[in-house]
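Listed below are the residues making up each chain.
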Amino acid sequence: MKDDVTREDRVSNLKGLGCSRKRVEDARFTQGKGNYIDDMQMAGMLTGDFVRSPYAHARIKSINIDAAMALDGVIAVLTAKDLEPLGLHWMPTLAGDKQMVLADGKVLFQGQEVAFVVAKDRYIASDAVELVEVEYEELPVLVDPFKSMQSDVVLREDLDPKAPGAHGPRKHHNHIFTWEVGDEAGTNAVIDDADIVAEASMYYHRTHPCPLEPCGCVASMDKVNGKLTLWGTFQAPHVVRTVASLLSGIEEHNIRVVSPDIGGGFGNKVGVYPGYICSIVASIVTGVPVKWVEDRMENLMSTAFARDYWMKGKISATKEGKITGLHCHVTADHGAFDACADPTKFPAGFMNICTGSYDIPIAYLGVDGVYTNKAPGGVSYRCSFRVTEAVYFIERMIEVLAIEMNMDAAELRRINFIKKEQFPYNSALGWEYDSGDYHTAWDKALKAVDYDGLRREQAERVAAFKRGETRTIMGIGLSFFTEIVGAGPVKNCDILGMGMFDSCEIRIHPTGSAVARLGTISQGQGHATTFAQILASEIGISADSITIEEGDTDTAPYGLGTYGSRSTPVAGAAAAMVGRKIRAKAQMIAAYLLEVHDDDVEFDVDRFVVKGAPERFKTMGEIAYAAYNQAIPGLEPGLEAVSYYDPPNMTYPFGAYVCVMDIDVDTGVPTIKRFYALDDCGTRINPMVIEGQIHGGLTEALAVALGQEIAYDDMGNCKTGTLMDFFLPTAWEVPNYETDFTVTPSPHHPIGAKGVGESPHVGGVPCFSNAVQDAFRPFGNRHTNMPHDHWRIWKTANDLGLHD
Ligand code: CDP
């Protein structure tokens, strides 16, 4: 057959790997046609709203619902007593703890769910919330994990203080777990003997992912068919279905969970919240759909927080700057219940990646989890299970070591990077880094920003400041990070016993277009665009002809969802593998149609051609048609496949960031003059989507480093429960980001891709923070804690005598 389309055109028509294809989702989103939870309207639908505790720690003496029930339009008010006969007044958490669904005898944090009002509409429900009378008896409040570990006050009276917790023995009634990795005695010995030792204590403050859309759901129990449907803002819909089945006793085939469009997740929508359970119960009781959507304050005050790690480090080195050992201890404030969203075997997530990008021969990490009177959670806010904390820790330790040695921090990093030829690299704390070329990335970054020139400029500025010619100082923030994304493998990683694989199913239609479904769920990452590109390159059908569907458990194959940048490393791999299954069958069909042996045809962009005779070929469109319409001996009709992918390892993207910042010492206002971000996420599927991910992640990093915080007073009052107090950056604060890349493919991923969505956040936070700290380094600063808001920056300047 003659073909007048050039090969180049065929590649371009495919819109496969490497193409900056426009996001197919955006036509919907930019026209206001998204379908979010609060858009849902159903006949007879009721609304639920919570009565929440104003106290951080109090005994509940009584709850009177009479006045609320008397309000016209109120259908029910649920309390723990109503849930108890169903065994639903407490629920298991992802961390092996249990959490009250509605306050059972006492409350443990401000904003805790006490009663659930169900009414005809949201306004009536809110009015009725005000009418529920709860009598509280205040109890002593513990918001400091160190004091909590010393206190006689028992926070969790439901737990036997002598019994072990989910992760071994507990040292105190407010202690949750101790997790240790590495060789403590060996590390201490190395540090004791070292030429140079630097120490630092740092607090990675509590913050919150604060997605644009808060959490919510609609539960609808069809009592006739015994089928429960739950629409919700779920980052892991299949896991929610399994948990809902285990908790409710409803058989799993009778539960359908649907994640519609989700307005950002960033880890906030991984866990299971009381609102979901109460909505399900309310729908079962009333027989009509029940909607619950939290407001902004409820989201910030009661759903999963992030960080809250008190980290203490010691790092040792030779006189030449070669790091010899690293010791890290963390006191982790988990709030009232241990509801961290981590794989079961990792109670402190992937904190043991805290040796970072450096070849550190010996290390130790110890983490103690502690209960306090704060909201539960502990999610990986745009990071993979505590890697943000780990990278912040090591990137600060490097800076502190550089100060101790009076050495350039860029050079110190270079001396200690894991070398290209050391990959796959086994870290002292148990990880196998798949691939990396850190020196190339670092050199490229430093050259791009003219690092030496920047240091000269900084020295001139310091001199000018000291001469009284300027009140502005200059910081050069450096960070080099290694991410760890793509949980599984199943043998290491599970959530509530469910192994962390992922999946992709594809159906090629007779006319050569396709629908593919995955176990992940996009929350804005553009999966409908990029997964189609992976498939396009694998099967030779244009990405424009492939519909991607996610998030409906009745149709999508089982998967563990989207968080921790696992979609590309795991589901993206499943997509590539399913494509290869299709291609294998297509090869047999093509060979039959071309009347040659299977081995005599080869795949070329969008077709199979006879080897050595390129004019003889069958396009994927022709092959798909034949799959359904020709009786091919030895082959089943149809062209469909499914793949469940258990990754052999995680992927380890990395990056080199530089931030140039001016600081006005009299106002504490930082101005970001330049931000350069080089990312290496292996094979790049869609450079434009990657760029978008990096801009977003850096902006969230800026937020966390420079102001975003969930803060409490001594009474356990949340001081930052509204967007008036909780910093959310706008275009005003965001600089122009310069992005760059290197490509070091993952050796074990089918297309060599690593995740990217979280990298800029992981690398960005230390970079912004280091810029602030570096500006003050010439004036004697060693370490100051984030968030570096204007007040804290001003105070650092003041403490260093810069206002004298
Ligand atoms: O799991 P999540 O989707 O949040 O993160 P990800 O796997 O890092 O992917 C984020 C987006 O970037 C997706 O649309 C990916 O397909 C895209 N991406 C890419 O184009 N190339 C890569 N090497 C990695 C991700």
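Only a predicted model underlies this, so the values are computations on that prediction, with no experimental measurement involved.

Caption draft 1: Here's a closer look at the overall build of the chain. Helix and strand counts for the chain come out as 20 helices and 33 strands. For the chain, the C-alpha radius of gyration of 28 Å lies close to 28 Å, the compact-globule estimate for 804 residues. By residue count, 62% of the 804 residues in the chain fall in the buried class. Intrachain contacts of the chain at a sequence separation of at least 6 include 79% that bridge at least 24 residues. If you sum the accessible surface of the chain, you get close to 29000 Å²; carbon and sulfur atoms cover 52% of it. Charge centroids of the chain, computed over 73 positive and 107 negative side chains, lie 2 Å from each other.

Caption draft 2: The arrangement of the site of the ligand in detail. The immediate surroundings of the ligand are formed by 22 residues, with His527, Thr530, Ser567, Thr568 and Val756 found nearest. Here His527 contributes a side-chain N or O atom positioned 2.6 Å from an oxygen atom of the ligand. For the ligand, whose accessible area on its own is 520 Å², the fraction buried by protein is 98%. Only α15 (527-539), α16 (567-594) and α18 (687-706) provide two or more residues apiece to the shell around the ligand. Of the residues contributing to the shell around the ligand, the split by class is 7 nonpolar, 13 polar and 2 charged.

Caption draft 3: Structural view of α18. In this model, α18 (20 residues) spans 28 Å end to end at C-alpha, consistent with the 28 Å of a helix rising 1.5 Å per residue. Extensive coverage of α18 is indicated by the burial of 15 of its 20 residues. Sitting at the head of α18, Asn686 places a side-chain oxygen 2.9 Å from the backbone nitrogen of Met688.

Caption draft 4: Structural detail: the sheet that holds strand β8 (residues 133-138). Reading across from one edge, β6-β2-β8 is the order of the 3 strands in this open sheet, with antiparallel pairing throughout. Either end of the sheet is taken by a strand with one partner, and the two such strands are β6 (106-107) and β8. Bridge count for strand β2 (residues 58-64) against β6 is 2 bridges, and the pairing is antiparallel. Opposite Arg59, over in β6, you have Lys106 as the bridge partner.

Caption draft 5: Main features of the sheet that holds strand β32 (residues 669-680). Taken together, 4 strands build an open sheet; the order of strands is β21-β31-β32-β33 and the sheet is mixed. Because the sheet does not close on itself, it has two edges, and the strands there are β21 (472-482) and β33 (737-741). Averaged over all neighbouring strand pairs, the angle between strand axes comes to 15°, with direction disregarded. Examined bridge by bridge, β21 and strand β31 (residues 654-664) share 11 bridges and lie antiparallel to one another. The partner of Ser479 across the bridge, within β31, is Tyr657. On the sheet, helix α13 (residues 438-448) packs against β21, β31, β32 and β33 and is oriented at approximately 160° with respect to β21.

Caption draft 6: Quick peek at the pattern of salt bridges. Tallied over the entire structure, the rule returns 53 salt bridges. Asp554 is paired through a salt bridge with Arg256; the nearest N and O atoms lie 3.9 Å apart. Taken together, the residues Asp554 in the loop between β26 (546-550) and α16 and Arg256 in strand β13 (residues 255-258) connect sequence positions 298 residues apart. Residue classification places Asp554 among the partly exposed residues on the basis of a relative accessible area of 42%.

Caption draft 7: Just the packing of α15 against α16, in detail. α16 packs onto α15 with a crossing angle of 35° between their chain directions and a minimal axis gap of 8 Å. Handedness of the α15/α16 crossing: right-handed. Residues His527, Phe531, Ile534, Leu535, Ser537, Glu538 and Ile539 of α15 pack against Ser567, Ala571, Gly572, Ala575, Ala576, Val578, Gly579, Arg580, Ile582 and Arg583 of α16. Residue classes in the contact of α15 with α16 are distributed as 9 nonpolar, 5 polar and 3 charged.

Caption draft 8: Geometry of the nonpolar core. Grouped together as the largest cluster of nonpolar side chains are 182 residues, with contacts concentrated most on Met351, Phe675 and Phe768. Per-element accounting of this core gives the leading share, 12 residues, to helix α11 (residues 387-405). In contact with Phe675, not counting residues within four places along its chain, are Tyr657, Val658, Cys659, Leu698, Asn736, Tyr737, Glu738, Cys767 and Phe768. In terms of nonpolar packing, the next biggest core, distinct from the first, is built from 48 residues, Ala574, Ala590, Ala613 and Ala624 among them.

Caption draft 9: Fine view of the pairing of strand β10 (residues 196-207). Burial analysis of β10 places 9 of its 12 residues in the buried class, the great majority of the element. Here β10 pairs with strand β15 (residues 305-317) via 11 bridges, running antiparallel. Among the inter-strand pairings, Met202 is bridged to a residue of β15, identified as Met311.

Caption draft 10: Representation of the environment of Thr303. Residue placement: Thr303 occurs in the loop between α10 (296-302) and β15. Setting aside residues no more than four positions away along its own chain, Thr303 makes contact with His208, Cys215, Asn268, Tyr273, Glu294, Glu298 and Pro376. At 2.6 Å, the side chain of Thr303 forms a polar contact with the backbone oxygen of Asn299.

Caption draft 11: Seen up close, the packing of α11 against helix α12 (residues 409-416). In the contact formed by α11 and α12, the axes pass within 9 Å of each other and the chain directions differ by 115°. Viewed along their axes, α11 and α12 adopt a mutual orientation that is roughly perpendicular. Crossing of α11 against α12: the hand is right-handed. When α11 is examined against α12, the residues Glu395, Ile398, Glu399, Leu401, Ala402 and Met405 are found in contact with a partner set consisting of Ala409, Leu412 and Arg413. Per-class residue counts for the contact of α11 with α12 are 6 nonpolar, no polar and 3 charged.

Caption draft 12: Layout of unusual backbone geometry. Each neighbour pair has its own omega, and for Ala487 with Gly488 the value is -5°, a cis peptide bond. Summarising the element assignment, Gly488 is placed in the loop between β21 and β22 (494-495). Of note, the bond from Met786 into Pro787 is cis; its omega dihedral lies within 30 degrees of zero at -10°. Along the chain, the position of Pro787 falls in the loop between α19 (759-776) and α20 (790-799). We note that Val605 has phi near 65°; this positive angle belongs to a residue other than glycine. Locating Val605 in the fold gives a position in the loop between β27 (601-604) and β28 (607-610). Note on Val605: relative accessible area 10%, which makes it buried.

Caption draft 13: Structural view of the pairing of β28. Taking every second residue as pointing to the same face, both faces of β28 are buried, with Arg607 and Val609 on one and Phe608 and Val610 on the other. Note that β27 and β28 share 4 bridges and pair antiparallel. Looking at β28, one finds that Asp604 is bridged to Arg607. Connecting the antiparallel pair β27 and β28 is a turn made up of 2 residues, with Val605 showing a positive phi of about 65°.

Caption draft 14: Broad picture of the state of the cysteines. As enumerated under the stated definition, the model contains 0 disulfides in all. Looking at Cys210, it has no disulfide partner, and the nearest cysteine sulfur is the one in Cys215, 11 Å off. We note that Cys493 lacks a disulfide partner, and the nearest cysteine sulfur, in Cys383, lies 14 Å from it. The class of Cys493 is buried, set by a relative accessible area of 0%.

So, how was this worked out
- Residues numbered from 1 in each chain as written.
- Predicted model: local features only at pLDDT ≥ 70, side-chain atom pairs only at ≥ 80, totals over all residues.
- Heavy atoms only, no water.
- Helix = DSSP H or I, 4+ residues; strand = E, 2+ residues; numbered from the N terminus.
- Rg over C-alpha atoms; globule rule 2.2 N^0.38 Å.
- Buried < 20%, exposed > 50% of the residue type's maximum accessible area, 1.4 Å probe, protein only.
- Contact = heavy atoms within 4.5 Å.
- Areas by Shrake-Rupley, 256 points an atom, 1.4 Å probe, with all protein chains shown as cover.
- Lys, Arg positive; Asp, Glu negative; His and termini not counted.
- Charge placed at Lys NZ, Arg CZ, Asp CG, Glu CD.
- Near = heavy atom within 4 Å.
- Polar contact = N/O pair within 3.5 Å; in protein donor to acceptor, adjacent residues only side chain to side chain.
- Nonpolar A, V, L, I, M, F, W, Y, C, P; charged D, E, K, R; others polar.
- Expected span 1.5 Å × (residues − 1).
- Pairing = 2+ DSSP bridges.
- Axes fitted to C-alpha atoms, helices over the stretch in contact; angles between N-to-C directions.
- Salt bridge = Lys/Arg side-chain N within 4 Å of Asp/Glu carboxyl O.
- Left-handed = near helix turned anticlockwise from the far one by under 90°.
- Core = buried A, V, L, I, M, F, W, Y, C linked by side-chain atoms within 4.5 Å.
- Parallel < 35°, antiparallel > 145°, perpendicular 65-115°, else oblique.
- Disulfide = S-S within 2.5 Å.

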